[in-house]
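Structure at a glance
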Amino acid sequence: MNELIINNINKTYANGVKALDDVSVTITNGMFGLLGPNGAGKSTLMRTIAALQEPDEGSISFNGNDVIKDPSAIRRQLGYLPQEFGVYPKISAYRLLDHLAILKGILDNRERKEQIEALLQQTNLYQDRKKVVSTFSGGMRQRFGIAQALLGDPQLIIVDEPTAGLDPEERNRFHNLLSEIGENIIVLLSTHIVEDVRDLCTRMAIMSEGGLVLEGEPRQLIKDL
Ligand code: ADP
Ligand code: ADP
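Let me sum up the structure you'll find in this document.

The rules behind the values
Residues numbered from 1 in each chain as written. Chains lettered and ligands numbered in written order. Predicted model: local features only at pLDDT ≥ 70, side-chain atom pairs only at ≥ 80, totals over all residues. Heavy atoms only, no water. Salt bridge = Lys/Arg side-chain N within 4 Å of Asp/Glu carboxyl O. Helix = DSSP H or I, 4+ residues; strand = E, 2+ residues; numbered from the N terminus. Buried < 20%, exposed > 50% of the residue type's maximum accessible area, 1.4 Å probe, protein only. Near = heavy atom within 4 Å. Polar contact = N/O pair within 3.5 Å; in protein donor to acceptor, adjacent residues only side chain to side chain. Areas by Shrake-Rupley, 256 points an atom, 1.4 Å probe, with all protein chains shown as cover. Nonpolar A, V, L, I, M, F, W, Y, C, P; charged D, E, K, R; others polar. Pairing = 2+ DSSP bridges. Contact = heavy atoms within 4.5 Å. Axes fitted to C-alpha atoms, helices over the stretch in contact; angles between N-to-C directions.

**Details of the pattern of salt bridges**
Within the structure shown, the criterion is met by eleven salt bridges. In this structure, Lys 42 and Glu 161 form a salt bridge, with 3.9 Å as the shortest nitrogen-oxygen distance. Of the two residues, Lys 42 is situated in helix 1 (residues 42-49) and Glu 161 in the loop between strand 7 (156-160) and helix 6 (168-181); the sequence distance between them amounts to 119 residues. Across the pair, Glu 161 and Lys 42 agree in class, each one buried. Notably, a salt bridge pairs Asp 98 with Arg 112, separated by 2.8 Å at the nearest N-O pair. A residue pair is termed long-range when its members are at least 10 positions apart, and Asp 98 in helix 3 (residues 93-103) and Arg 112 in helix 4 (residues 109-122) qualify at 14 residues. Residue Asp 98 shares its accessibility class with Arg 112, and that shared class is buried. Look at the salt bridges and you will find they share partners, linking Arg 171, Asp 196, Arg 198 and Asp 199 into a network.

**A few points about the site of ligand 1**
In the vicinity of ligand 1, the residues found are Tyr 13, Asn 15, Val 17, Ala 19, Pro 37, Asn 38, Gly 39, Ala 40, Gly 41, Lys 42, Ser 43 and Thr 44. At 3.1 Å from an oxygen atom of ligand 1 is found a main-chain nitrogen or oxygen belonging to Ala 40. Between ligand 1 and the protein, one listed contact pairs an oxygen atom with a backbone N or O atom of Gly 41 at 3.0 Å. With the chains in place, 64% of the 560 Å² that ligand 1 exposes on its own is no longer accessible. Sorting elements by how many residues they give to the shell around ligand 1 places helix 1 first, with three residues. For the shell around ligand 1, the per-class residue count stands at five nonpolar, six polar and one charged.

**With respect to the site of ligand 2**
By nearness alone, every residue bordering ligand 2 is listed as Lys 113, Glu 117, Gln 121, Tyr 126, Arg 129 and Lys 130. The contact in question runs from a nitrogen atom of ligand 2 to an N or O atom on the side chain of Gln 121, over 2.7 Å. Lys 130 places a side-chain nitrogen or oxygen 3.3 Å from an oxygen atom of ligand 2. Its residues assigned to classes, the shell around ligand 2 shows one nonpolar, one polar and four charged.

**Points about the sheet that holds strand 2 (residues 18-28)**
In spatial order, the strands read 2-1-4-5; together these four strands make up an open sheet with antiparallel pairing. Either end of the sheet is taken by a strand with one partner, and the two such strands are strand 2 and strand 5 (65-66). Where strand 1 (residues 3-12) lies against strand 4 (residues 57-62), five bridges are found, and the strand directions are antiparallel. Across the sheet, residue Ile 5 finds its bridge partner in strand 4, namely Ser 61. Sitting on the sheet, helix 1 touches strand 1, strand 2 and strand 4, and the angle it makes with strand 2 is about 60°.

**Observations regarding the pairing of strand 9 (residues 203-208)**
Two faces make up the sheet, and in a regular strand the side chains alternate between them. Of the strand pairs in this sheet, strand 3 (residues 30-35) and strand 9 are connected by four bridges, and their pairing is parallel. Across the sheet, residue Gly 33 finds its bridge partner in strand 9, namely Met 204. Sheet topology note: the strand 9/strand 10 (residues 211-216) ladder contains five bridges and is antiparallel. Opposite Met 207, over in strand 10, you have Leu 212 as the bridge partner.

**Some remarks on unusual backbone geometry**
The bulk of non-glycine residues show a negative phi, and the bulk of peptide bonds are trans. In this structure, Asp 22 takes a positive phi of about 55° despite not being glycine. Since its relative accessible area comes to 42%, Asp 22 is described here as partly exposed. Its identity as a non-glycine residue notwithstanding, Asn 124 has a phi of 60°, on the positive side. Here Asn 124 lies in the loop between helix 4 and helix 5 (138-150).

**Overview of the sheet that holds strand 10**
Sheets are built from strands that pair by backbone hydrogen bonding, the pairs being arranged parallel or antiparallel. Read from one edge of the open sheet, six strands run 6-7-8-3-9-10, paired in mixed fashion. Strand pairing shows two members of the sheet lacking a second neighbour, strand 6 (78-81) and strand 10, which therefore form its edges. The average undirected angle you get between the axes of adjacent strands in this sheet is 15°. Against the sheet, helix 1 contacts strand 3, strand 6, strand 7, strand 8 (186-191) and strand 9, and its axis sits at roughly 155° relative to strand 8. Sheet strands touched by helix 5: strand 6 and strand 7. Its angle to strand 6, the strand with the most contacts, is close to 160°.

As structure tokens, this is what we get:
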């Protein structure tokens, strides 16, 4: 069982905005939804957990390792699917995953091939593996992002606003994919869409103005909203 412990995290940006206000939460395997409006501090919290930025105060541990003192402790076990996608090089989806896998340190050719083929199957992109990712639809890109995030068998994946702009069918597909993944690792889902959390998550917290205001089971919390 993986365990992510966030303890009294505070972050104020240089412009005076207090983006995280004494955030504490413990997260174990399953899908955890972080629900809140734009500007609530979700991305700041996600980036802090991913050790992409430092908090002013507080501590984070992942499976007993101090993430702030030793960012490599979480980076090796983390898949991060940010909200904004970069520009894709003009190579096939398969080759792009292959390059990314090498960057993640998967140097054995056979291991890489097996892993990439399995991920392409899982994300239902195997038949499109020879296409350039920039020609993919929004839903395909999201699924490609998941394949990318799952390279190297992470124990924690962070998904920031994943279903914004997807049509209902793609959203469904994406939900099924995430549910499958969330059975064995921690999936942290940040969203402002109540249905994403209601349909997918086993635990959730509501974030508002930098603070976690409510934590519990979606079925209980959401019916009270
Ligand atoms: P969310 O992901 O919930 O939309 P963010 O973490 O992006 O929230 O932002 C929280 C608050 O911090 C917002 O008021 C936002 O404008 C501010 N903020 C985010 N990033 C920065 C930054 N780099 N510098 C200054 N303020 C920022
Ligand atoms: P390429 O021309 O890009 O190498 P191939 O169609 O030859 O693509 O397949 C690449 C690899 O994927 C081969 O090793 C093949 O055995 C394997 N493969 C093909 N179809 C499947 C499938 N449905 N499931 C798993 N592996 C497959």
